[in-house]
Amino acid sequence: DAKTTQPPSMDCAEGRAANLPCNHSTISGNEYVYWYRQIHSQGPQYIIHGLKNNETNEMASLIITEDRKSSTLILPHATLRDTAVYYCIVRTPLGGTSYGKLTFGQGTILTVHP
Amino acid sequence: EPEVTQTPSHQVTQMGQEVILRCVPISNHLYFYWYRQILGQKVEFLVSFYNNEISEKSEIFDDQFSVERPDGSNFTLKIRSTKLEDSAMYFCASTHRVLTGELFFGEGSRLTVL
């Protein structure tokens, strides 16, 4: 799996946009970028994923650079409930010995404060 | 909204005892996974399961562990003889599309080995 690098922690004011960066310089052409979050000790929650184009859903936006070596997750209006650990994961595609597992790193602890 | 359900939410057991953790994946999903998270550490992949057999497993998933799908709806993780270091949150996940489908995680089962 391609290795990802994220800052260990970030702060954000409530109501402001939270921009969480991720470096994945060794990503392969067919690997997707996934973002998950984990609130306290709950199960990881899917946020968004993308291959090369920018993506947006009701939770967040994902901006992937043209060379695909980095990406940014944007929470447009952060709330206190968005305080969580955010994981950027490059997912090994189906094939060989992989059946779509996700490999979690340490992630970024995002703290949203009032 | 369909969800992955796990039971029990918390189990306390004595070292050396057998433990079975149960999961009911989302009904039309075909790929199933177990992960664990030791307190304060990252989420670790244990095993993936497809078509009634293990498709991939990690080094953690040794002979003490086994998985099965006994009745077409439940997906179980058995730890044959628990050790203190098996104390962790265990998360079940499922997906219907292994290439790009997001994994849906349950809320976890906390195992405490005394």
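Structure's up top.
Bear in mind that the values here come from a model prediction, so they are computed numbers and not experimental data.

Novice: So, the state of the cysteines: which residues are in play, and what are the values?
Specialist: Residues and elements named next belong to chain A. Overall, the coordinates contain 2 disulfides over all chains when judged by the stated rule. Disulfide partner of cysteine 22: cysteine 88, at an S-S distance of 2.1 Å. Between cysteine 22 and cysteine 88, the S-S torsion sits near -80°, and that sign places the bridge as left-handed. Here cysteine 88 lies in strand S8 (residues 84-91) and cysteine 22 lies in strand S2 (residues 18-23), a separation of 66 residues in the sequence. Owing to a relative accessible area of 1%, cysteine 22 belongs among the buried residues under this scheme.

Novice: Quick rundown of the pattern of salt bridges? Include the residues and the values.
Specialist: Enumeration over the complete set of coordinates arrives at 3 salt bridges over all chains. For Asp82(A), the salt bridge goes to Arg37(A), with nearest N and O atoms at 2.8 Å. Of the two residues, Asp82(A) sits in the loop between strand S7 (70-75) and S8 while Arg37(A) sits in strand S3 (residues 32-38), which places them 45 residues apart along the sequence. A single burial state applies to Asp82(A) and to Arg37(A), both of which are buried. Across the salt bridge formed by Glu44(B) and Arg36(B), the nearest N and O atoms sit 3.2 Å from each other. The pair formed by Glu44(B) and Arg36(B) is uniform in burial state, with each residue classed as buried.

Novice: Pulling in residues and values, what's your account of the packing of aromatic side chains?
Specialist: To describe a pair of aromatic rings, one takes the distance between the centres and the angle between the planes. Residue and element names in this part refer to chain A. As enumerated under the stated definition, the model contains 15 aromatic pairs over all chains in all. Residues tyrosine 36 and tyrosine 46 carry aromatic rings whose centres are separated by 5.7 Å and whose planes lie at 75° to one another, so their mutual orientation is edge-to-face. On the criterion of sequence distance, the pair formed by tyrosine 36 in strand S3 and tyrosine 46 in strand S4 (residues 45-50) is long-range, its members being 10 residues apart. Like tyrosine 36, the residue tyrosine 46 is buried in the burial classification.

Novice: Explain the interface of chain A and chain B to me, using residue names and the numbers behind them.
Specialist: Reports of interface size often rely on the accessible area that becomes lost once the parts have come together. Taken together, the contact between chain A and chain B spans 23 residues of the former and 25 residues of the latter. Carbon and sulfur atoms make up 56% of the surface buried where chain A meets chain B, a total of about 2000 Å² over both sides. For the pair chain A and chain B, the number of links is 1 salt bridge. For Lys101(A), the salt bridge goes to Glu56(B), with nearest N and O atoms at 3.1 Å. Taken together, chain A and chain B are joined by 4 residue pairs in polar contact (both at pLDDT 80 or more).

Novice: So what about the side chain of Arg68(A)? Which residues, and what values?
Specialist: Residue and element names in this part refer to chain A. Here arginine 68 shows up in the loop between strand S6 (61-64) and S7. One buried charged residue, arginine 68, remains without a salt bridge, the closest side chain of opposite sign being glutamate 31 at 5.9 Å. In this structure the side chain of arginine 68 is engaged in a polar contact, spanning 3.4 Å, whose partner is the backbone oxygen of glycine 29. At 3.1 Å, the side chain of arginine 68 and the backbone oxygen of glutamate 31 are in polar contact. Contact partners of arginine 68, with chain neighbours within four places excluded, come to His24, Ile27, Ser28, Gly29, Asn30, Glu31, Leu51 and Lys52.

Novice: For the sheet that holds strand S5 (residues 55-56) of chain A, give the residues involved together with the corresponding values.
Specialist: Residue and element names in this part refer to chain A. As summarised here, the arrangement of the 4 strands in space is S2-S7-S6-S5, forming an open sheet in which the pairing is antiparallel. The outermost strands of the open sheet, each flanked by one partner alone, are S2 and S5. In terms of strand pairing, S2 meets S7 through 6 bridges, oriented antiparallel. What sits directly across from proline 21, in S7, is threonine 72.

Novice: Run through the sheet that holds strand S3 (residues 19-24) of chain B, naming residues and quoting values.
Specialist: Residues and elements named next belong to chain B. Taken in spatial order, the 4 strands line up as S1-S3-S8-S7 in an open sheet, and their pairing is antiparallel. Among the strands making up the open sheet, the edge pair consists of strand S1 (5-7) and strand S7 (65-68). Across the sheet, the axes of successive neighbouring strands diverge by a mean angle of 15°, strand direction being ignored. Summarising the sheet, S3 and strand S8 (residues 75-79) pair through 5 bridges and their orientation is antiparallel. Residue pairing for S8: leucine 21 is matched across the bridge by leucine 77.

Novice: Which residues make up the pairing of strand S11 (residues 109-113) of chain B, and what are the values?
Specialist: Residues and elements named next belong to chain B. Side chains Ser109, Leu111 and Val113 of S11 all project onto a buried face; the interleaved residues Arg110 and Thr112 project onto a face where none is buried. Note that strand S2 (residues 10-13) and S11 share 4 bridges and pair parallel. Looking at the pairing, threonine 13 lines up with valine 113 of S11. Bridge analysis of strand S9 (residues 88-95) against S11 gives 3 bridges, and the strand direction is antiparallel. Paired with alanine 88 across the two strands is leucine 111, which belongs to S11.

The rules we used
- Residues numbered from 1 in each chain as written.
- Chains lettered and ligands numbered in written order.
- Predicted model: local features only at pLDDT ≥ 70, side-chain atom pairs only at ≥ 80, totals over all residues.
- Heavy atoms only, no water.
- Disulfide = S-S within 2.5 Å.
- Helix = DSSP H or I, 4+ residues; strand = E, 2+ residues; numbered from the N terminus.
- Buried < 20%, exposed > 50% of the residue type's maximum accessible area, 1.4 Å probe, protein only.
- Salt bridge = Lys/Arg side-chain N within 4 Å of Asp/Glu carboxyl O.
- Phe/Tyr/Trp six-rings, centres within 6.5 Å; stacked < 30°, edge-to-face > 60°.
- Contact = heavy atoms within 4.5 Å.
- Buried area = accessible area lost by both parts, 1.4 Å probe.
- Polar contact = N/O pair within 3.5 Å; in protein donor to acceptor, adjacent residues only side chain to side chain.
- Lys, Arg positive; Asp, Glu negative; His and termini not counted.
- Pairing = 2+ DSSP bridges.
- Axes fitted to C-alpha atoms, helices over the stretch in contact; angles between N-to-C directions.

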